[in-house]
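Structure assessment
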Amino acid sequence: MTYAARADLEARFGAEEALDLAGMQAERIESALADAAAEIDAALAAAYRLPLAGGPWPRLVGVACDLARRALYDDVSSAEVDARAERARSALARLAAGEEALLDDSGRPAPRRDTAAHRGATPSLTPDSLAGL
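Residues numbered from 1 in each chain as written. Predicted model: local features only at pLDDT ≥ 70, side-chain atom pairs only at ≥ 80, totals over all residues. Heavy atoms only, no water.

A look at the nonpolar core
- By size, the foremost hydrophobic cluster in this structure holds 33 residues, and its most contacted members are Ile40, Leu60 and Leu102.
- Those elements that provide at least two residues to this core are α1 (6-13), α2 (15-21), α3 (26-44), α4 (58-72) and α5 (79-97).
- Here the element with the most residues in this core is α4; it accounts for 8 residues.
- If we ignore the near neighbours within four places in the chain, the residues touching Leu60 are Tyr3, Ile40, Leu44, Leu52, Leu92, Leu95 and Leu102. (Core = buried A, V, L, I, M, F, W, Y, C linked by side-chain atoms within 4.5 Å. Buried < 20%, exposed > 50% of the residue type's maximum accessible area, 1.4 Å probe, protein only. Helix = DSSP H or I, 4+ residues; strand = E, 2+ residues; numbered from the N terminus. Contact = heavy atoms within 4.5 Å.)

Dropping the structure here:
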């Protein structure tokens, strides 16, 4: 699943920049977007049920575009491009930690994984309550 399309990348940064970075190869743009989606999935997999149903996910569109843009620059990029990619990775960390809500375009939250080991009342049988028996 990809979170952004070529049109999203072009809308944010311009079609000319995207094609220049891709060396006029449209499939290179698609590859960068797929790599960005894989990075997003890896960052969110422990916290969210993947693949995300519904959507689109506006926050992830921006993150995917920033990561794909950085990937298209290969080894040399501007400080702005690097900073945007770093902010995107920080946003993923905040989303995974639950510090920022991941909302779809209708404002509905993404389903999180149940990470709690125990739900419900505190158990009445504990090592302390059983001591001396």
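Comments concerning the confidence of the model for the protein
- For the protein, the mean per-residue pLDDT works out to 88, and 93% of the residues sit at or above 70.
- Confidence scores differ between elements of the protein, with helix α6 (residues 127-130) showing the lowest mean pLDDT of 73 and α5 the highest of 97. (pLDDT = per-residue confidence, 0-100.)

Side note on unusual backbone geometry
- Cis geometry is adopted by the peptide bond preceding Pro51, which originates at Leu50 and carries an omega value of 0°.
- Assignment of secondary structure puts Pro51 in the loop between α3 and α4.
- Omega for the peptide link from Gly55 to Pro56 comes to 5°, which places this bond in the cis form.
- Position of Pro56 relative to the elements: it lies in the loop between α3 and α4.

Focus on α5
- Between the first and last C-alpha of α5 there are 27 Å, a value that for 19 residues agrees with the 27 Å anticipated at 1.5 Å per step.
- Where α5 is buried, its residues meet α3 and α4.
- Backbone geometry just after α5 places Gly98 at a positive phi near 80°. (Expected span 1.5 Å × (residues − 1).)

Side note on the environment of Glu17
- In this structure, Glu17 sits in helix α2.
- Expressed as a C-alpha distance, the spacing of Glu17 and Leu72, which sit 55 residues apart in the sequence, is 9.9 Å.
- Look past the residues within four positions of Glu17 in its chain and what remains in contact with it is Arg69 and Tyr73.

A look at empty space enclosed by the protein
- Under the counting rule described, the total for this entry stands at 1 cavity of 30 Å³ or more.
- Estimates place the volume of the largest cavity at around 30 Å³.
- The set of elements that each furnish at least two residues to the lining of the largest cavity consists of α1, α2 and α4.
- By residue class, the composition of the lining of the largest cavity is 5 nonpolar, no polar and 2 charged. (1 Å grid on protein atoms, 1.4 Å probe; cavity = no way out; pocket = protein on both sides within 12 Å on 5 of 7 lines; lining within 4 Å. Points joined across faces, edges and corners; volume = space filled by probe spheres on them. Nonpolar A, V, L, I, M, F, W, Y, C, P; charged D, E, K, R; others polar.)

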